[in-house]
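# Observations on chain architecture
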Amino acid sequence: MENEVRHILTLTDRQSLALTGVTDVDSFNEEEIIAICEFGELSVKGELLHIEELSLESGIMNISGKISSLSYSEKLSHSSVFKRLFGS
């Protein structure tokens, strides 16, 4: 497991979420952000959600806002919003 990407979540006071192991973002708005991770699709729900930092190269994502739930799904999207926007 030499090139294994670690997936770590750090939630602080339900207002700040730091993630590692993010490979893509499927969709986002102020109420839900769907991040694609090595271990599945992560749905972050809440209010006034904002992606403060995103680096797909390093797999880092920071989200701020009022976070109400985190849930995983095994379903992986084949076409992300960034791929649709930037044609990657």
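This report concerns the structure included in the present document. (Residues numbered from 1 in each chain as written. Predicted model: local features only at pLDDT ≥ 70, side-chain atom pairs only at ≥ 80, totals over all residues. Heavy atoms only, no water.)

### Examining the nonpolar core
With 13 residues, the main nonpolar core has L19, V44, M61 and I63 as its most contacted residues. Leaving out residues up to four positions away in the same chain, I63 has contacts with Q15, S16, L17, L19, I33, V44, L49, H50 and E52. (Core = buried A, V, L, I, M, F, W, Y, C linked by side-chain atoms within 4.5 Å. Buried < 20%, exposed > 50% of the residue type's maximum accessible area, 1.4 Å probe, protein only. Contact = heavy atoms within 4.5 Å.)

### What to know about the pairing of strand β6 (residues 60-73)
Pairing analysis gives four bridges linking strand β2 (residues 16-19) to β6, with the strands arranged antiparallel. When the bridges of β6 are listed, S16 appears paired with S64. Bridge analysis of strand β5 (residues 40-55) against β6 gives 12 bridges, and the strand direction is antiparallel. Looking across to β6, one finds that V44 is bridged to L70. The antiparallel hairpin formed by β5 and β6 contains four residues in its connecting segment, where G59 sits at a positive phi of about 80 degrees. (Pairing = 2+ DSSP bridges. Helix = DSSP H or I, 4+ residues; strand = E, 2+ residues; numbered from the N terminus.)

### Considerations on the sheet that holds strand β1 (residues 9-12)
The sheet built from six strands is open, its strands ordered β1-β2-β6-β5-β4-β3 with antiparallel pairing. One side of each edge strand has no neighbouring strand; the edge strands of this open sheet are β1 and β3 (22-28). Adjacent strand axes in the sheet meet at a mean angle of 40 degrees, parallel and antiparallel pairs treated alike. (Axes fitted to C-alpha atoms, helices over the stretch in contact; angles between N-to-C directions.)

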